Amino acid sequence: MIEQTEFQYRLKATDGAARLGEVLTPRGVIRTPAFMPVGTAGTVKGMYPSQVRELGADILLGNTYHLMLRPGAERVARLGGLHELMRWPHPILTDSGGFQVMSLAALRKMSENGVTFRSHIDGSYYELTPERSVEIQGLLGSDIQMQLDECVRLPASREEIARALRLSLRWAERSKKAFESQPKGRALFGIVQGGDDPALREESARGLVDVDFPGYSIGGLAVGEPQDVMLRMLEVVNPILPTDKPRYLMGVGAPDDIIESVARGVDMFDCVMPTRAGRHAQAFTRFGKINLKNARHAEDPRPLDEESDCPAARDYSRAYLHHLIRSDEMLGSMLLTWVNLAYYQSLTAGIRAAIAEGRFEDFKAGVKEGWARGDIPAL
């Protein structure tokens, strides 16, 4: 715990558009660029909280939709809040629940007031409004919260994208008003929408800056569109957003997406990719992605990376990892999840060091060269 009581962002250095900074919260400092491991239902799957912290994570992400359904926001509050419940005393960011309502819930109905939907778990009806989303996040006790927004699936018509972003702007104002009663030191971020349309992205970003949030998220990207489209939208949005506030690209992503987005001024990221890949036999390394199901690993005594600081990558043979995966042993998924989260934290730590030393472009080129060279099979 630190003395800091106000939410604050400090920009410490830049290298081109890449930014080195710190987000200060009462629960600790978040070094940026930062990757936030996803703890959807109050747990980072396959990992102890202490392990996640030891890898270098300053903040975790929780999911409002899943936690409101089970165990319920009021219950979490009665049990001392999400930090206490999951034994993570450091910062937590929660999303608004809007994206999961759009992607998971059944029989959803949108209106100016909010969205009503049926739970994908038991079919119960719920209503999620901007006010209720902020209330739930407050009950969870999250340090960084998101406004409720409508995320449109792409491809979509320009009219549909425009309608959703303007509704989201109105919801942004309602979310900010609802947030006013929360304890000092917490923060609410606005979410830039606008699909793949530059003019609509600009409209959304400028509208949110007028509302004035302590931080800004960029939503509705990395949902299937080509990388170049995502990067073009960042090039439109980031110059509009204030330089003295953090920028969070939601749901991103692949290591290459992260490093290219940092190059365009993004500070914070989250994605289920490293944990999900670990459960599906995929390991992220400095040599690129390695599939441990592949038969070529069956008698390979080498570790995934003998130079890694992560014991799972350095101390276990590929043959053993292959065996665990083929045998459907829980430990295989746990070890590969550990490998992947360690790689993501190592990547962002390397990015931070490179920006501080003014060598970000060289660092980016070196990382990509390693990926392009690829993993070297055993002799």
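That block above? That's the structure.
Residues numbered from 1 in each chain as written. Predicted model: local features only at pLDDT ≥ 70, side-chain atom pairs only at ≥ 80, totals over all residues. Heavy atoms only, no water.

Remarks on the overall build of the protein chain
Then, number 1: Across its full length, the protein chain carries 15 helices and 16 strands.
Then, number 2: Its C-alpha radius of gyration of 21 Å places the protein chain within 12% of the 21 Å reference for a compact globule of 379 residues.
Then, number 3: Sorting the 379 residues of the protein chain into buried and exposed places 57% on the buried side.
Then, number 4: Nonlocal contacts in the protein chain, meaning residues at least 24 apart in sequence, comprise 65% of its contacts between residues at least 6 apart. (Helix = DSSP H or I, 4+ residues; strand = E, 2+ residues; numbered from the N terminus. Rg over C-alpha atoms; globule rule 2.2 N^0.38 Å. Buried < 20%, exposed > 50% of the residue type's maximum accessible area, 1.4 Å probe, protein only. Contact = heavy atoms within 4.5 Å.)

Regarding the packing of helix H13 (residues 318-326) against helix H14 (residues 330-356)
Then, number 1: Packing of H13 against H14 brings their axes to within 7 Å, and their N-to-C directions diverge by 130 degrees. Classified by the angle between their axes, H13 and H14 sit oblique to one another. Crossing of H13 against H14: the hand is left-handed. Contacts from Tyr-320, Leu-321, Leu-324 and Ile-325 in H13 reach Leu-331, Gly-332, Ser-333, Leu-335 and Leu-336 in H14. (Axes fitted to C-alpha atoms, helices over the stretch in contact; angles between N-to-C directions. Parallel < 35°, antiparallel > 145°, perpendicular 65-115°, else oblique. Left-handed = near helix turned anticlockwise from the far one by under 90°.)

Considerations on the sheet that holds strand S3 (residues 28-32)
Then, number 1: Taken in spatial order, the three strands line up as S1-S2-S3 in an open sheet, and their pairing is antiparallel. For this open sheet the edge positions go to strand S1 (8-15) and S3, each flanked by a neighbour on one side alone. Neighbouring strand axes in the sheet, compared pairwise and without regard to direction, differ in orientation by 15 degrees on average.
Then, number 2: Here S1 runs beside strand S2 (residues 18-25); their pairing, made up of seven bridges, is antiparallel. From the neighbouring strand, Arg-10 faces S2, where its bridge partner is Glu-22.
Then, number 3: H14 contacts S1, S2 and S3 of the sheet and is inclined by roughly 115 degrees relative to S2. (Pairing = 2+ DSSP bridges.)

Overview of the packing of aromatic side chains
Then, number 1: On inspection of all chains with the given rule, the structure shows seven aromatic pairs.
Then, number 2: For the pair Phe-7 and Phe-189, a centre-to-centre distance of 6.0 Å together with 75 degrees between the ring planes defines the contact as edge-to-face. Here Phe-7 is found in the segment before S1, whereas its partner Phe-189 is found in strand S11 (residues 187-192), with 182 residues between them in sequence.
Then, number 3: On the basis of relative accessibility, which here comes to 14%, the residue Phe-7 falls in the buried class.
Then, number 4: Between Phe-284 and Tyr-344, the aromatic rings sit 5.5 Å apart at their centres with planes inclined by 85 degrees, giving edge-to-face as the arrangement. Taken as a pair, Phe-284 in strand S15 (residues 282-285) and Tyr-344 in helix H14 lie far apart in primary sequence, 60 residues in all.
Then, number 5: Residue classification places Tyr-344 among the buried residues on the basis of a relative accessible area of 1%.
Then, number 6: An aromatic cluster is built from Phe-35, Phe-284 and Tyr-344, whose rings are joined through pairwise contacts. (Phe/Tyr/Trp six-rings, centres within 6.5 Å; stacked < 30°, edge-to-face > 60°.)

Just distances and angles here, no functional claims.
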